[in-house]
Amino acid sequence: MSVREKSSTARVVPSARPRKLAKVPFVELADGRLQGVVSSGSDIGRVYVSSVEAGSYAFACSTNNNRPCGGARGWFCNHIRALIGEAVLQYGAERVARYLKVEVSGEQPDAQTVTDAMAATRPANSDSSAAAQVFSRFLRHLAYLELPPTNAPLPEMQWFPTTRAVA
């Protein structure tokens, strides 16, 4: 474990398995949803912002400029299926199922069993109101990749308390 990970106030959770970032560059379990950004298979300049709500499994999928996904009409589109698959790689099937409140049968759940269990409930389409927030968070993560490597603190992260601060 690196010094940064040992001294971090936020818990660093390693990926369940390594994953490739080309198809799904951003995935997170946050705000009561599985949400993320999925690359378009046909246009390199287009991405889709997809989400699935915990409990109800209501789903939303739209482009980065708020146009609805043509495949998300009453069922999970390929973008949402890819998002679920990458979330299982990132967090593990058990954690994704627990967060989304999915009852999966069998001893070893995988992305397919989690997806099938949610799709069997015939979830409804949700509004894409969270898409802008998710895409903004994705762009912020990309901005950190452009920074030169340094051990100096980042000014915008200064509101995090240091681990050795004395009150």
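A brief structural summary. (Residues numbered from 1 in each chain as written. Predicted model: local features only at pLDDT ≥ 70, side-chain atom pairs only at ≥ 80, totals over all residues. Heavy atoms only, no water.)

1. Observations concerning the overall build of the protein chain
We count it as follows: In DSSP terms, a helix is any run of H or I states spanning at least four residues, a strand is any run of E spanning at least two, and both are numbered starting from the N terminus. Think of it in three bands: with a 1.4 Å probe and only protein chains considered, a residue is buried below 20% of the maximum accessible area for its type, exposed above 50%, and partly exposed in between. Any two residues whose heavy atoms approach within 4.5 Å at even a single point are treated as in contact. In short, Shrake-Rupley with a 1.4 Å probe defines the accessible areas, and a residue's cover is counted only from the protein chains shown.
Along its length, the protein chain carries 5 helices and 4 strands. Beginning at the N terminus, the succession of helices and strands in the protein chain can be written as α-β-β-β-β-α-α-α-α. When each of the 167 residues of the protein chain is scored for burial, the buried share is 36%. Excluding contacts between residues fewer than 6 apart, the proportion of contacts in the protein chain whose partners are at least 24 apart in sequence is 52%. For the protein chain, the accessible surface area stands at approximately 10900 Å², while carbon and sulfur atoms represent 54% of it.

2. Thoughts on unusual backbone geometry
With phi around 60°, Y57 is a residue other than glycine that occupies positive phi space. With respect to the secondary-structure elements, Y57 resides in the loop between β3 (47–53) and β4 (59–63). Here the phi dihedral of R122 falls at roughly 50°; this positive angle occurs in a residue that is not glycine. Of note, R122 is situated in the loop between α4 (111–119) and α5 (131–145). Under the relative-accessibility criterion, R122 is labelled exposed at 74%.

3. Details of the side chain of R33
Position of R33 among the secondary structure elements: in strand β2 (residues 33–39). A residue is classified by how much of its surface remains accessible, and R33, at 14% relative accessible area, is buried. Not counting chain neighbours up to four residues away, the residues in contact with R33 comprise E28, S51, V52, E53, A54, Y99, A130 and Q133.

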